[in-house]
Amino acid sequence: MSTPQQSPATPGGKPGFPWKRHLVKAGIAAAGVAVCGAVALGLALALAWPSLPDLHAMTDYRPRVPLRIYTADKVLIGEYGEEHRNVLRIDEIPPVMRQAVLAAEDDRFYSHGGVDWMGVARAVLTNIVKQSKTQGGSTITMQVARNFYLSSEKTYSRKFYELLLTFKIESELTKDQILELYMNQIYLGHRAYGFAAASRTYFGKPLSEVTPAEAAMLAGIPKAPSRYNPITNFARAQIRQHYVLGRMKTLGYLTPEQADEAINQQLTVRGADGASARGFAIHGDYPAELARQLMYGVFQEQTYSKGIDVYTTIDSKDQEAAYLAVRDGVLAYTRRAPYPGPEDQIDLPANVEQDPVALDEILDGVQEKTPDSEDLLAAVVLAASPTEVTVARSAREIITISDKKALAVVARALNPKAGDKQRLRRGSVVYLHKNGDNWEIINMPALQAALVSMQPEDGAIRAMIGGFDYNRGGFNRVTQAWRQPGSNIKPFVYAAALERGLTPATQVSDQPFMLTAEQTGSKAWQPKNDGNKYEPMMTLRQGLVRSKNMVSIRILQAITPQYAQDYLTRFGFDKARWPAVLPLALGAGGATPLQVVNAYSVFANGGYRVTPYLIDRVTDRSGNVLMQAQPVVAGDEQARAIDPRTAWVMDDILRDVTVSGTGARAHQVLKRNDVGGKTGTTNEAVDVWFSGFTPKLATTVWMGFDQPRSLGTNEFGSGLALTTWLDYMQPALKGMPESKPAPRPDGLLVDNGEYYFSEFPPGQAVASLDLSSSDELTDFLNNRRSTDGVDTSVKPLPPPPAPGGGADAPIQMPQALPIPVPQARSAPPAGAASFPPIPVPRVDAEAPAQAGAVSGPGALPARPL
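Cut-offs applied
Residues numbered from 1 in each chain as written. Predicted model: local features only at pLDDT ≥ 70, side-chain atom pairs only at ≥ 80, totals over all residues. Heavy atoms only, no water. Helix = DSSP H or I, 4+ residues; strand = E, 2+ residues; numbered from the N terminus. Areas by Shrake-Rupley, 256 points an atom, 1.4 Å probe, with all protein chains shown as cover. Salt bridge = Lys/Arg side-chain N within 4 Å of Asp/Glu carboxyl O. Buried < 20%, exposed > 50% of the residue type's maximum accessible area, 1.4 Å probe, protein only. Expected span 1.5 Å × (residues − 1). Phe/Tyr/Trp six-rings, centres within 6.5 Å; stacked < 30°, edge-to-face > 60°. Core = buried A, V, L, I, M, F, W, Y, C linked by side-chain atoms within 4.5 Å. Contact = heavy atoms within 4.5 Å. Pairing = 2+ DSSP bridges. Axes fitted to C-alpha atoms, helices over the stretch in contact; angles between N-to-C directions. Parallel < 35°, antiparallel > 145°, perpendicular 65-115°, else oblique. Nonpolar A, V, L, I, M, F, W, Y, C, P; charged D, E, K, R; others polar. Patch = residues over 30% accessible without salt bridge, like charges linked within 9 Å, V, L, I, M, F, W, Y side chains within 5 Å. Lys, Arg positive; Asp, Glu negative; His and termini not counted. Charge placed at Lys NZ, Arg CZ, Asp CG, Glu CD.

Some details on the overall build of the chain
And then number 1: Helix and strand content of the chain: 28 helices and 23 strands.
And then number 2: Carbon and sulfur atoms make up 53% of the accessible area of the chain, which totals about 38,600 Å².

Next comes the structure, spelled out in C-alpha cells:
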C-alpha cells in the first residue's frame, strides 16, 4: 500500500510553512550580497584611497602664469602666454561674483559635504531615462577635483575616483579655499582661466568693478565655455545670464528691482580680436611687444609660463595721450586728403534689410574681411545720395549721415559721375567714425606716424606709439623705421659749428647757388630755401630759427661734412647712415625716431648722452626682483657727449625756434618759456617731423607713408607733426612746473647780447661766411674772409680727447648704443641681475616685407594674445 503525497504548502496551508524558509534564504542571500558589496567597496576604497594624489598642487597652487607687462604706475598693458590668469585671494573676489557662481553652479556648496546627493540622484535618473551618460551632478568641489587631477570623460570609473578625491579635498581644505581655487582655475573661453582674467578679456575691467549683470554673464560661461562666452555667441550667453540672474533673485542675492536692472543693462563686450585696446585699459601694444621681445631674449619659452611681471617706464596717462594725439593727427590728414573710395563693394540683395537674419549674416562676412579698427567701424551702405547716406552696422544698428561737414569728406564719391572705384553706392563697404556728435565716412588711413617721449635726465621712455593701429601690423616705427629727418638734423650741424669757432652771431650768406655735375662729380645740385625766399646775410641763430637751407649748407661746408659726420655719432646717430656730403645739412641720412629724440635729449639735459630704456624692473610672481635697470643719469661726466656750453647755447637757440621761428606755435599754445624744438620737412614733404623738449620731457613725432611718397604741397613739420606733438605735450606737461633756466656755464662770454666761447672771443671767432669775390664757387668752398687783419676762418679740429672731460676740456665721444634698456653701470641690488645689452631689431621703413615685419639680430617669433 502506497503512502499518499502531501501537496505543497501554500501561505494559507498549515503543514511546514515552506514559504518562510524561502524568505529566510532570500534574506541570507541579500545579506551575503551586501556583505560582499561592502567588502568589495572596502577593498576598492583600500586600494583606491592610497593611490589618490596628494593635494600639494592645491595647497601650493602654482598655475602657469603668463608674462605680464605693466606701466610704471602699474597699469596692465600686455599679457602673453597660453593661459591668461589673474590669481586672486577669496577676499579679493567681490561678493556679487561669488554669489553669481554659487547661483549658477552649486547653491548648496556651503552646506553639503562635497557631494550633493540629490543632484547625483537626479543626474542618475536622467541618464537611465535617456540611456546615456549625458548629465552629472557635479558640485564645485567635484569640478575642482576634475580640473586639477582628472579628465572630463563621462565614465563610471572616473566618477568613482572623482567622488573619492572630492571627499579628500573636503577633508583637507576649507570651503573658502575650495571656492578660491575654483574661481582662479576654471576655464572660461578665449584662453582666460579664472574669473579675474575673464573679466578683463570680456569686459576690459578688473573683477572688482563688475556689475551684477556682468557677474551673471561670467558665471554662466563654465557650463560650456566654447558656446556660452559673449564673444563667440552673445545671444546664447545672454540667455544663460538671464537664468543666473533669476537664480540669484530666487536665492535672495538680488532684490527683484536689482535683478530687473541687471537684465536691462546694456553690456559692452571687449577683448575680441581687434577690439579696443585688446581688453586693456590703455593702448600700450607697442611698448608691451618690445618688452616681450626683450624678455624672450633672456628667458626664452619660460617667458610665457613662469609668472614674470615686467614694469616698464611707460606712464599710463602719457601713453594714452600719445595714442590719442597720433590717432587724431592721422585722421585729420586723412579727412583733408581726397577720399579714394570704398574699402570694398558687395552685391547687396534688394530689400535684404527687411530680413534681419539675412542682413546680419552678410554683415558678419563683411566684418571678417574688413574688421573694425578701434573707433573706425566697418559698415555697408544701404543707400547714398549727395545729401544723405544710410549705412548698416547690423540689422539693429542703421545709421543715417546727413551732416554737411561730414558729407563734405566724401562729396566727390557721392557725385553720380564719380569713377566706379571711387563712387559710394548701395553695397559699398566703408568705415564709420564718430567725429564729435556726428558720424562720418572716412577711409582707412594710409598715413603712418610714430611718437616717442622720454625723460632727458635718465632716458626713461614715457610713451611710445609706433603706428596708427598695432592690430593692423606690429611694425614699430619708433625703433624700426629709418627715415630722413630733414631739418630735424640741423641743430646738430649747428652744434658742431659752435665747437669749431662759429657763434650765434656769425653772419652767413643766404644767397642761392648751384653746383654743376662736374663740380659735384655726380649730378647738378641746386638746393632751395622754403618758398624760394633768400636774404643777403643772416646770423647763425637766425638761420636755425628760420630753418634756412642756404645758411645750413654753408655752415656744413665750413666745418666740413666729415667733421659733422663724426660729430653726429656723439648723439647716437649711426655714422654709416650719414654720408659725408653737403646734403647732410638738410637731413639726407637715416635715423629712427628713437635716435632723434635721444639726440635732442642731449640739448635738454646739459650735454649728456643717456641711453633710452623701457624696462625698469622684472619680478617673479612673489615680487622678488629678478632684474633691475641701472640707467645712465645726466650729470655723470662719463656720459658727457658735448661741451656744456654748446648744449646751453643750442637750448637757447632752440627756444627761440619755438617762440619766433618755424615752431612758434609751440610757445603760443603751451605758453611756457622752457620749451625748445625744431621742425623737419624733407623734399616734397615725404617725411615731416617735430622734435621738442623741456628739461623734463623730450618728444619726437614723425609722420609719413611706409612706402615713401609726398604728403602734399601744403604739409610741413610745422603743421601736421607739430599739431600732433602739441596734442600730446599739452596733457603730458599739465601740472608739471615750468623749469627755471639753467645757469650759464663757465667759459661762456656775452657780447652785444650774444654768446661766445672763451677760446673764441669776439674778434677771434668766425665773423662771417659769405660770397666775397667774383668766383662764387671758390668763395663758397673756402668760406673765409679776413676782417681788420683778424683770422675768422673755421678753426682746426681739436686735439685728441683726454679722459675726464670738463667745461673747457676736449670732449670724449661715447660709442653709439642703440639699446632700449641700459647696461648696469653700478652694482645691482642684492639678488637682482642687470639688463643685458639686448639689441632692438630694426628694418628700413622704405621696404618692410610685410606689415609688422621684423628682421635682423634679435628678431623673435610673435606671440600675440
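A few points about the pattern of salt bridges
And then number 1: Evaluated as defined, the whole model comprises 33 salt bridges.
And then number 2: Residue R68 pairs with E79 through a salt bridge whose shortest N-O separation is 2.9 Å. Taken together, the residues R68 in strand β1 (residues 67-70) and E79 in strand β2 (residues 76-80) connect sequence positions 11 residues apart.
And then number 3: Looking at R68, the relative accessible area reads 7%, which means it is buried.
And then number 4: Residue D643 is joined to R645 by a salt bridge in which the shortest nitrogen-to-oxygen separation is 2.9 Å.
And then number 5: Take R645: its relative accessible area is 0%, and that puts it in the buried class.
And then number 6: A single salt-bridge network, built from bridges that share partners, covers R541, D652, D656 and E754.

Considerations on helix α13 (residues 285-299)
And then number 1: Spanning 15 residues, α13 covers 20 Å between terminal C-alpha atoms, matching the ideal 21 Å at 1.5 Å per step.
And then number 2: Counted residue by residue, α13 has 13 buried out of 15 residues, so it is predominantly covered.
And then number 3: Looking one or two residues beyond α13, the residue adopting positive phi is Q300, at roughly 55 degrees.

Here's the deal with unusual backbone geometry
And then number 1: A positive phi angle is found at K671, which is not glycine, with a value near 55 degrees.
And then number 2: Structurally, the position occupied by K671 is in the loop between α26 (665-670) and β18 (676-681).
And then number 3: The phi torsion at N752 lies on the positive side, around 55 degrees, for a residue other than glycine.
And then number 4: Here N752 shows up in the loop between β21 (748-751) and β22 (754-757).

Examining the packing of aromatic side chains
And then number 1: One pass over the full model with this rule turns up 19 aromatic pairs.
And then number 2: Each ring, one from Y600 and one from F603, has its centre 6.2 Å from the other, and the planes form 85 degrees; the classification is edge-to-face. Of the two residues, Y600 and F603 are both situated in helix α24 (residues 593-604); the distance of three residues between them amounts to about one turn of the helix. The same class applies to Y600 as to F603, namely buried.
And then number 3: With 4.9 Å between their ring centres and 65 degrees between their planes, F690 and W725 make a pair best called edge-to-face. You can see F690 sitting in strand β19 (residues 687-693) and its partner W725 sitting in helix α27 (residues 717-733), a full 35 residues away along the chain.
And then number 4: Of the residues examined, W725 reaches a relative accessible area of 0% and is grouped as buried.

Focus on the nonpolar core
And then number 1: Counting residues in each nonpolar core, the largest one holds 95 residues, and the members touching the most others are M295, V310, F492, I555, F571, F573 and F603.
And then number 2: Ignoring sequence-local partners within four residues, the contact set of F571 consists of F492, N598, A599, V602, F603, R609 and I642.
And then number 3: A104, M183, A192 and V210 belong to the second largest nonpolar core, which has 46 residues in total.

Observations regarding the side chain of R327
And then number 1: Tracing the sequence through the fold places R327 in helix α14 (residues 316-336).
And then number 2: If we skip the residues at most four places from it in the chain, R327 touches S373, E374, D375, L376, F468 and D469.

Focus on the sheet that holds strand β12 (residues 448-454)
And then number 1: Ordered by their spatial adjacency, five strands build an open sheet running β13-β12-β20-β19-β18, and the pairing between neighbours is antiparallel. Strand pairing shows two members of the sheet lacking a second neighbour, β13 (461-465) and β18, which therefore form its edges. The sheet shows a mean angle of 5 degrees between the axes of neighbouring strands, taken without regard to direction.
And then number 2: Two elements, β12 and β13, share four bridges in a ladder whose sense is antiparallel. Bridge pairing links V452 to M464 in β13.
And then number 3: The strands that α14 touches are β12, β13 and β20 (698-704); relative to β13, the one it contacts most, it runs at about 30 degrees.
And then number 4: Packed on one face of the sheet, helix α25 (residues 644-660) meets β18 and β19 and runs near 65 degrees to β18.

Overview of the pairing of β19
Consecutive side chains along a regular strand alternate between the two faces of the sheet.
And then number 1: Taken across its seven residues, β19 has seven buried, putting it largely inside the fold.
And then number 2: A two-sided burial pattern is seen for β19, the buried positions comprising D687, W689, S691 and F693 on one face and V688, F690 and G692 on the other.
And then number 3: Across six bridges, β18 lies against β19 in antiparallel orientation. Across the sheet, the residue bridging to T681 is V688, located in β19.
And then number 4: The turn joining β18 and β19, which pair antiparallel and follow one another in sequence, is formed by five residues; a positive phi near 60 degrees is taken by E684.
And then number 5: Connecting β19 to the next strand, β20, in antiparallel fashion are four residues.

Overview of the environment of Q185
And then number 1: Relative to the helices and strands, Q185 resides in helix α7 (residues 175-185).
And then number 2: Given a relative accessible area of 14%, Q185 falls into the buried group.
And then number 3: The sequence separation of Q185 and F195 amounts to 10 residues, and the corresponding C-alpha distance is 8.5 Å.

Examining the packing of helix α3 (residues 95-105) against α7
And then number 1: Where α3 meets α7, the axes come as close as 12 Å, and the angle between the chain directions of the two elements is 90 degrees. Compared by their axis directions, α3 and α7 come out roughly perpendicular. Residue-level contacts link M97, R98, V101, L102 and E105 of α3 to L179, Y182 and M183 of α7.
And then number 2: Residue classes in the contact of α3 with α7 are distributed as six nonpolar, no polar and two charged.

Here we look at the sheet that holds β2
And then number 1: Spatially, β2-β1-β5-β16-β17 is the arrangement adopted by the five strands of the open sheet, whose pairing is mixed. Edge positions in the open sheet fall to β2 and β17 (625-628), since each of these has one partner strand only. Strand-to-strand twist of the sheet, defined as the mean angle between neighbouring strand axes without regard to direction, takes the value 15 degrees.
And then number 2: Both β1 and strand β5 (residues 309-312) contribute to a ladder of three bridges, which runs parallel. Bridge assignment links Y70 to a residue of β5, and that residue is Y311.
And then number 3: Running at roughly 45 degrees to β2, α13 makes contact with β1, β2, β5, β16 (615-619) and β17 of the sheet.

Comments concerning the environment of S208
And then number 1: With respect to the helices, strands and loops of the structure, S208 is situated in the loop between α8 (195-203) and α9 (212-219).
And then number 2: In this structure S208 comes out as exposed when scored by relative accessible area, which is 55%.
And then number 3: Separated by 111 residues in the primary sequence, S208 and M97 place their C-alpha atoms 8.8 Å from one another.

Looking at the packing of helix α19 (residues 490-498) against helix α23 (residues 561-568)
And then number 1: One can describe the packing of α19 onto α23 by two numbers: an axis separation of 10 Å at closest approach and a directional angle of 110 degrees. Here α19 is positioned roughly perpendicular relative to α23, judged by the angle of their axes. For the pair formed by α19 and α23, the contact residues are F492, A495 and A496 on the first element and Y563, Y567 and L568 on the second.
And then number 2: Counted by class, the contact of α19 with α23 contains six nonpolar, no polar and no charged residues.

Quick notes on the side chain of T619
And then number 1: Summarising the element assignment, T619 is placed in strand β16.
And then number 2: With residues near it in sequence (within four places) discarded, T619 still touches G307, I308, D309, Y311, N624, V625 and L626.

Details of a negative patch on the surface
And then number 1: There is a patch of like negative charges on the surface, built from D355, E361, D364 and E368.
And then number 2: Residue position: D355 is located in the loop between β6 (344-345) and α15 (356-369).
And then number 3: You can call D355 partly exposed: its relative accessible area is 38%.

A closer look at the pairing of β5
And then number 1: The two faces of β5 match: D309 and Y311 on one face and V310 and T312 on the other face are all buried.
And then number 2: The pairing of β5 with β16 spans four bridges and is antiparallel. Following the sheet pairing, Y311 is matched in β16 by R617.

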